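A look at the structure
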Amino acid sequence: MKRPKQMGDRLPLTPAVFHILLALSDGERHGYALMQEVAADTGGSLQLGPGTLYGCLKRMLSARLVEESDERPDPELDDERRRYYRITTFGAGVLRAEADRLASAVSAARSKRLFSRKNLALAGTRL
Amino acid sequence: MLSSSQDRWLRWLCRVYGLMLWAYPPDFRGDYRREMLVAFRTGARDVMQREGSAALLRFMRHVSWDWLYTTLRERTTMTTSMPALRWGAALPLAILAAVAVMRLDGFILGFNVVPDHDFQSVGTNVGFFLMAAAFVSVGVSVVPGRKDSVARIALAVVVVLATGFVVVGAIRMLMTPVAWGVCALLGGVLAYLPWRLHARSQVLGN
């Protein structure tokens, strides 16, 4: 019997993989939309080039974190060469596990008072 | 809307990027070349429309670094893992094939390069080790796609046969079949392990 894949086996995720999963968590996207959303989510600090994006997607497809989608939001308007990707149930679980792991790291950093005053508010801590 | 000169620039850059994509390994190129070109063209057009032609320089610098890093990474993945492991896995098979040819040659010509089995010899045990390793290696080297699954099946067969030897040896109180079984098991596991590790390293290399 095939051993079920453990979510912990996939952690920690690289920033690129984490942000791609995050972008896919609220709907399917094509490659360029993913590049834009990751750049927007990270305030421009992580800008994926085509090589990095499709290298990640290749590995994420083989790890079954994402899958290709056959559906097109609007076939009339869209370039037929574009492929759409969506997060799998397993990918969503891995994303949640990674978010929990990061939250624990943030919590540990907060307990050691490593945040600046500006970021304390973002980290959800009362002054 | 782009002016005609901007449009010419865009088409020229797309042609250059299309040529750059030939640096990626064939498999990767086959899967993603068209999409990467679409993403590049859309990105370059957006930058031109938003920030003007001068911003293209910054865009191209970013894309060039991305291209350099990812072509190296994809090429490195291709050349250091798969073919190296494939050759490593094929080696026991080549040795086995050479021994088989020499023995067959002996049967036909009446001259055995490899002497008849001395069943207590270290050579026979090494032979079982190599045969099991070769069996698993054939599974992973020859059959394309889903190599890890094929390797597991081959390993399972080796484990069953090796266990058979060990059990028969134990029942008949003979050390020789036990030694054969243990050697076969070791050969199978050692040929399988690199593939298992390779499969794990392929999970998320970015």
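Here, the structure is the one placed above.
So, a few notes on the structure that sits alongside this text.

The rules we used
The residue numbering used here restarts from 1 in each chain and proceeds along that chain's sequence as written. Numbering of ligands from 1 and lettering of chains from A proceed in the order in which they are written. It should be noted that, the model being predicted, local features are given only for residues of pLDDT at least 70 and side-chain atom pairs only at 80 or more, the latter also being counted only at that level, while totals for whole chains, interfaces and linings use all residues. Only heavy atoms go into the side-chain values, all of them from the structure, while hydrogens and water stay out. Residues enter patches when they are more than 30% accessible in relative terms and free of salt bridges; like-charged ones are connected within 9 Å and nonpolar ones (Val, Leu, Ile, Met, Phe, Trp, Tyr) within 5 Å. The Shrake-Rupley method, run with a 1.4 Å probe sphere, supplies the accessible areas, and residue values consider only the shown protein chains as cover. For this analysis, a salt bridge means a side-chain nitrogen from Lys or Arg found within 4 Å of a carboxyl oxygen belonging to Asp or Glu. Counting from the N terminus, the helices are DSSP H or I runs at least four residues long and the strands are E runs at least two residues long. Note on aromatic pairs: the rings of Phe, Tyr and Trp (six-membered ring only in Trp) are paired at centre separations within 6.5 Å, and the planes decide the class, stacked below 30 degrees, edge-to-face beyond 60, tilted for the rest. Only protein chains enter the area calculation, which uses a 1.4 Å probe; residues under 20% of their type maximum are buried, those over 50% are exposed, and those in between are partly exposed. Every residue pair with non-hydrogen atoms within 4.5 Å of one another is taken to be in contact. Once two parts are brought into contact, the accessible area they lose, counted with a 1.4 Å probe and summed over both, makes up the buried area. N or O atoms within 3.5 Å of each other form a polar contact, as long as, within protein, one can give a hydrogen and the other can take it, and as long as residues adjacent in sequence are counted only when both atoms are side-chain atoms. Think of it this way: DSSP has to see at least two bridges between two strands before they count as a pair. Fitted lines through C-alpha atoms serve as axes, helices being fitted only where they are in contact, and the angles separating the N-to-C directions of these axes extend from 0 to 180 degrees. Grouping buried Ala, Val, Leu, Ile, Met, Phe, Trp, Tyr and Cys residues that are joined through side-chain atoms within 4.5 Å yields what is termed a nonpolar core.

Moving on, we get to a nonpolar patch on the surface. Judged by side-chain polarity, Val159, Leu185, Val189, Leu190 and Leu193 of chain B come together as a nonpolar surface patch covering roughly 360 Å² of accessible area. Within the secondary structure, Leu190 of chain B is located in helix α6 (residues 175–201).

Turning our eyes to something else, we now look at the packing of aromatic side chains. Residues and elements named next belong to chain B. Enumeration according to the criterion identifies 6 aromatic pairs over all chains in this entry. Ring geometry for Trp9 against Trp12: centres 5.9 Å apart, planes inclined by 85 degrees, an arrangement best described as edge-to-face. Here the residue Trp9 and the residue Trp12 both occupy positions in helix α1 (residues 4–20), the gap between them amounting to 3 residues, near one helical turn. Its relative accessible area of 47% is what places Trp9 among the partly exposed residues. Note on Trp12: relative accessible area 47%, which makes it partly exposed. Note on Phe40 and Phe59: the rings are 5.6 Å apart at their centroids and 40 degrees apart in plane angle, and the pair reads as tilted. Taken together, the residues Phe40 in helix α2 (residues 26–51) and Phe59 in helix α3 (residues 55–109) connect sequence positions 19 residues apart. Under the relative-accessibility criterion, Phe40 is labelled buried at 0%. By relative accessible area, which is 15% here, Phe59 ends up buried.

Taken together, the contacts link 30 residues of chain A with 26 residues of chain B. When chain A packs against chain B, the two sides together hide about 2600 Å² of surface, and 52% of this comes from carbon and sulfur. Seen at the junction of chain A and chain B, the total is 3 salt bridges. Between Arg83 of chain A and Glu35 of chain B there is a salt bridge; the shortest N-O distance is 2.7 Å. Across the chain A-chain B interface, the total number found is 11 residue pairs in polar contact (both at pLDDT 80 or more).

Note that Arg29 of chain B resides in helix α2. Setting aside its immediate chain neighbours within four residues, Arg29 of chain B contacts Leu21, Trp22, Tyr24 and Arg75 of chain B.

With that out of the way, let us pick up the environment of Tyr32 of chain A. Residues and elements named next belong to chain A. Relative to the helices and strands, Tyr32 resides in helix α2 (residues 31–41). Since its relative accessible area comes to 11%, Tyr32 is described here as buried. Taking the C-alpha atoms as reference, Tyr32 lies 10.0 Å from Tyr84; in sequence the two are 52 residues apart.

Looking now at the sheet that holds strand β1 (residues 29–30) of chain A. Residues and elements named next belong to chain A. Reading across the sheet, the 3 strands line up as β1-β3-β2 and stay open at both edges, with antiparallel pairing between neighbours. Each having just a single partner strand, β1 and β2 (66–69) make up the two edges of the open sheet. Strand contacts of helix α3 (residues 50–62): β2 and β3 (84–87), with the helix running at about 105 degrees to β2, the strand carrying the most contacts.

Residues Ile20, Leu21 and Tyr54 of chain A are the most contacted members of the largest nonpolar core, which totals 49 residues. Of all the elements in the fold, those that place two or more residues in this core are α1 (15–24), α2, α3, β3 and α4 (89–111) of chain A together with α1, α2 and α3 of chain B. Among the elements that take part in this core, α2 of chain B stands out by supplying 9 residues, more than any other. Not counting chain neighbours up to four residues away, the residues in contact with Leu21 of chain A comprise Leu13, Met60, Leu65, Val66, Ile87, Gly91 and Leu95 of chain A.

Keep in mind these numbers describe shape, not what the thing actually does.
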